[in-house]
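Here are the chains, one letter per residue:
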Amino acid sequence: MGGSDEAVKDVQDAKKMSIDAFALNVQDVSSSWSTNAIQLLFDAAAANDFKLFFSFDMSVLDQPSTFLPLFKQYQGNSAYYKHEGRPFLSTFDGGAKSFGASSPNAGWQSQLKDALAADGINPFFVPDFDDYGGATYDANFFNNYPVVDGVMSWESAWPEVSEGLVNVSSAKDQTALANAHAAGKVYMMPLSSVQFKHIDPGQNWYRRGELNLPQRIGQVLALQPDFVEIITWNDAGESHYIGNCWPEAIAGAPAIQAYSNGYDHTHWQDVLAPFIVAYKNGATSLAQVTPFGAFAGAFWYRPLLKSASCSGDGLGKPSGWENAEDLINIAMLLPATSSGVTLRVYSGGNVVATLPTNPGLNMATVPIRTGAQRVELVAADGTIMGAGSSTQDVVADTSGVCNFNYQVVHIA
């Protein structure tokens, strides 16, 4: 993060969407670049009535004592997010770590809960313990981990590469939610668009995007989890960012720059903001997700066909490339009074589909062709209500980066 202006912009953009808080994923608790960014964000949040909480990355950090000083420093801050008066605390992984104790639960109890209790601090602990060793958060998990106040899943946000060409499932979320509630705990459900990483031979994969975002919106509304975590605001490395990716954050990562620079995802916010309001108002179906005005929407596509050889890219195609589909993916929100409105879709300079719509959040896909892309929203009388056009043509192959990231286009 370059300065206070960037922190303020992020906070204000998120607040406009009705997001309540940022989860600050922290891998480095002591370097000045990290601690300075944290302070900038807390200052921006305090000035804008926004909240933050820590999610400590236990794939990097070794034990709670490493991060406890930072947590204790900020947990009493007016901008720190609290649930039922307790400072909210999460992790990425850590479910298999025992810190020398007899079990992971015993380790987290002694190294986190008991250590903080000595200072009169009682965190509301909702970690991502996907790595604990089980397939789901079943009843045994909650019996074995009474230290948690709830759980979050990162991995259920997308299909696994090994699952093939399938849509995202909410089965793991259903299991987690039911067992969490049976144990008197909470569940934080993940919501995301895609996961594409293309950094080195060990970090080169594609987990399906396509309609993953609106499909997960529908699943969240159906399940009504206690919390929803949007993955992510600014993780350029995994391509699921919906906010600003400031250049300072990836200045030392040319591989990430190569597939994220010029790929703006901020118009996913136009789809997410009405959903957030609907979720908070108790909506349970896509039909209840309506725009703030006459309409709202976006379409997204990959500018490189999945059949590309990518012969000029030393990393080659990402694992999971075969699960991708060459599609124009559309999400369009229309008011409850909408009638007779259609979506006219152009690909490669030709009209390839005319699609009906309904009130609420509509989702659709159309096979893509090389060249330019365009989507028009057409009223019942034939008037064009809004449209969006691609700024990058689709190509069949490339001699450069094998980029499976998405271009997101505003329909306005």
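Above: the structure in question.
Reading the values: the criteria
- Residues numbered from 1 in each chain as written.
- Predicted model: local features only at pLDDT ≥ 70, side-chain atom pairs only at ≥ 80, totals over all residues.
- Heavy atoms only, no water.
- Helix = DSSP H or I, 4+ residues; strand = E, 2+ residues; numbered from the N terminus.
- Buried < 20%, exposed > 50% of the residue type's maximum accessible area, 1.4 Å probe, protein only.
- Contact = heavy atoms within 4.5 Å.
- Areas by Shrake-Rupley, 256 points an atom, 1.4 Å probe, with all protein chains shown as cover.
- Lys, Arg positive; Asp, Glu negative; His and termini not counted.
- Charge placed at Lys NZ, Arg CZ, Asp CG, Glu CD.
- Disulfide = S-S within 2.5 Å.
- Polar contact = N/O pair within 3.5 Å; in protein donor to acceptor, adjacent residues only side chain to side chain.
- Pairing = 2+ DSSP bridges.
- Axes fitted to C-alpha atoms, helices over the stretch in contact; angles between N-to-C directions.
- Core = buried A, V, L, I, M, F, W, Y, C linked by side-chain atoms within 4.5 Å.
- Salt bridge = Lys/Arg side-chain N within 4 Å of Asp/Glu carboxyl O.
- Phe/Tyr/Trp six-rings, centres within 6.5 Å; stacked < 30°, edge-to-face > 60°.

J.: Mind laying out the overall build of the chain, listing which residues take part and the relevant values?
T.: When helices and strands are tallied, the chain shows nine helices and 18 strands. Taken across its 412 residues, the chain has 55% of its residues classed as buried. Sequence-distant contacts in the chain: of pairs separated by 6 or more residues, those separated by 24 or more amount to 74%. Total accessible area computed for the chain in this model is approximately 16000 Å², and 50% of it derives from carbon and sulfur atoms. For the chain, the separation between the mean place of its 22 positive charges and that of its 40 negative charges on side chains is 4 Å.

J.: Quick one: what's the story with the state of the cysteines, residue by residue and with numbers?
T.: By definition, a disulfide links the sulfur atoms of two cysteines through a covalent bond. Within this structure, the stated rule accounts for one disulfide. The disulfide that involves cysteine 310 links it to cysteine 402, with 2.1 Å between the sulfurs. Linking cysteine 310 and cysteine 402, the disulfide has an S-S dihedral of approximately 65° and is accordingly described as right-handed. In this pair, cysteine 310 sits in the loop between strand 11 (296-301) and strand 12 (327-334) while cysteine 402 sits in the loop between strand 17 (384-389) and strand 18 (407-410), placing the two residues 92 residues apart along the sequence. Cysteine 402 carries the same exposure label as cysteine 310, and that label is buried.

J.: Which residues make up the environment of phenylalanine 99, and what are the values?
T.: Looking at the secondary structure, you find phenylalanine 99 in the loop between strand 4 (86-92) and helix 4 (104-117). Linking phenylalanine 99 and glutamine 63, residues 36 residues apart in sequence, is a C-alpha distance of 6.5 Å. In contact with phenylalanine 99, not counting residues within four places along its chain, are Met58, Asp62, Gln63, Pro64, Gly107, Trp108 and Gln111.

J.: Can you tell me about the side chain of asparagine 179, naming the residues and giving the values?
T.: With respect to the helices, strands and loops of the structure, asparagine 179 is situated in helix 6 (residues 171-182). Engagement of the side chain of asparagine 179 in a polar contact is seen with the backbone oxygen of threonine 175, the distance being 2.9 Å. Not counting the four nearest positions on each side in its chain, asparagine 179 is found in contact with Tyr137, Asp138, Ala139 and Phe142.

J.: Can you lay out unusual backbone geometry for me, pointing to particular residues and giving the numbers?
T.: Cis geometry is found at the peptide bond from isoleucine 231 to threonine 232, where omega equals -5°. Relative to the helices and strands, threonine 232 resides in the loop between strand 10 (227-231) and helix 8 (254-260). Positive phi is not limited to glycine here, since glutamate 84 has a value of about 55°. Here serine 239, not a glycine, exhibits a phi torsion of approximately 70°, which is positive. As for its position among the elements, serine 239 is in the loop between strand 10 and helix 8.

J.: Which residues make up the sheet that holds strand 15 (residues 360-367), and what are the values?
T.: Ordered by their spatial adjacency, four strands build an open sheet running 15-12-11-18, and the pairing between neighbours is antiparallel. Both outer strands of the open sheet, strand 15 and strand 18, are each paired with one neighbouring strand and no more. Each strand axis lies, on average, 15° off the axis of its neighbour in the sheet, ignoring direction. The pairing of strand 11 with strand 18 spans four bridges and is antiparallel. Residue pairing in the sheet places tryptophan 300 in a bridge with valine 408 of strand 18. Where helix 9 (residues 269-280) meets the sheet, its contacts fall on strand 11, strand 12, strand 15 and strand 18, and the angle it forms with strand 12 comes to roughly 40°.

J.: Provide a residue-level description of the nonpolar core, including the pertinent values.
T.: Of all hydrophobic cores here, the largest spans 105 residues; its most connected members are Phe54, Phe56 and Phe275. Tallying contributions element by element places helix 9 first for this core, with seven residues. Ignoring anything within four residues of it in the chain, the contact list for phenylalanine 56 reads Val26, Val29, Leu61, Phe67, Leu70, Phe71, Leu89, Ser90, Thr91 and Phe92. Phe295, Leu305, Ile328 and Val341 belong to the second largest nonpolar core, which has 21 residues in total.

J.: Can you break down the pattern of salt bridges residue by residue, with the values?
T.: Evaluation of the coordinates by the stated rule reveals 14 salt bridges. Note that arginine 207 is salt-bridged to glutamate 155, the shortest N-O span being 2.6 Å. Of this pair, arginine 207 sits in strand 9 (residues 203-207) while glutamate 155 is found in the loop between strand 6 (150-152) and helix 6, placing the two residues 52 residues apart along the sequence. If you follow the salt bridges from partner to partner, you end up with Arg86, Lys113 and Asp149 in one network.

J.: Tell me what's going on with the sheet that holds strand 13 (residues 342-347), and back it up with residues and numbers.
T.: Read across the open sheet, the four strands follow the order 14-13-16-17; overall the sheet is antiparallel. The two strands at the open ends of the sheet, each matched to only one other strand, are strand 14 (350-356) and strand 17. When strand polarity is set aside, the average angle formed by the axes of neighbouring strands in this sheet is 15°. Looking at chain direction, strand 13 and strand 16 (residues 373-378) are connected through six bridges and run antiparallel. Paired with tyrosine 346 across the strands is arginine 374, a residue of strand 16.

J.: Break down the packing of aromatic side chains for me, with residues and values.
T.: Applying the stated criterion to the full structure yields 34 aromatic pairs. Judged by centre distance (6.0 Å) and plane angle (55°), the ring pair of phenylalanine 42 and phenylalanine 54 falls under tilted. Remark: phenylalanine 54 occurs in strand 2 (residues 51-57) and phenylalanine 42 occurs in helix 2 (residues 32-47); sequence separation between them is 12 residues. For the pair phenylalanine 42 and phenylalanine 54, one class covers both residues: buried. Considering the side-chain rings of phenylalanine 141 and tyrosine 145, the 4.5 Å spacing of their centres and the 15° angle between planes classify their relative orientation as stacked. The buried category is assigned to phenylalanine 141, whose relative accessible area is 0%. Joined through ring pairs, the aromatic side chains of Phe99, Trp108, Phe125, Phe129, Tyr132, Tyr137, Phe141, Phe142 and Tyr145 make up one cluster.

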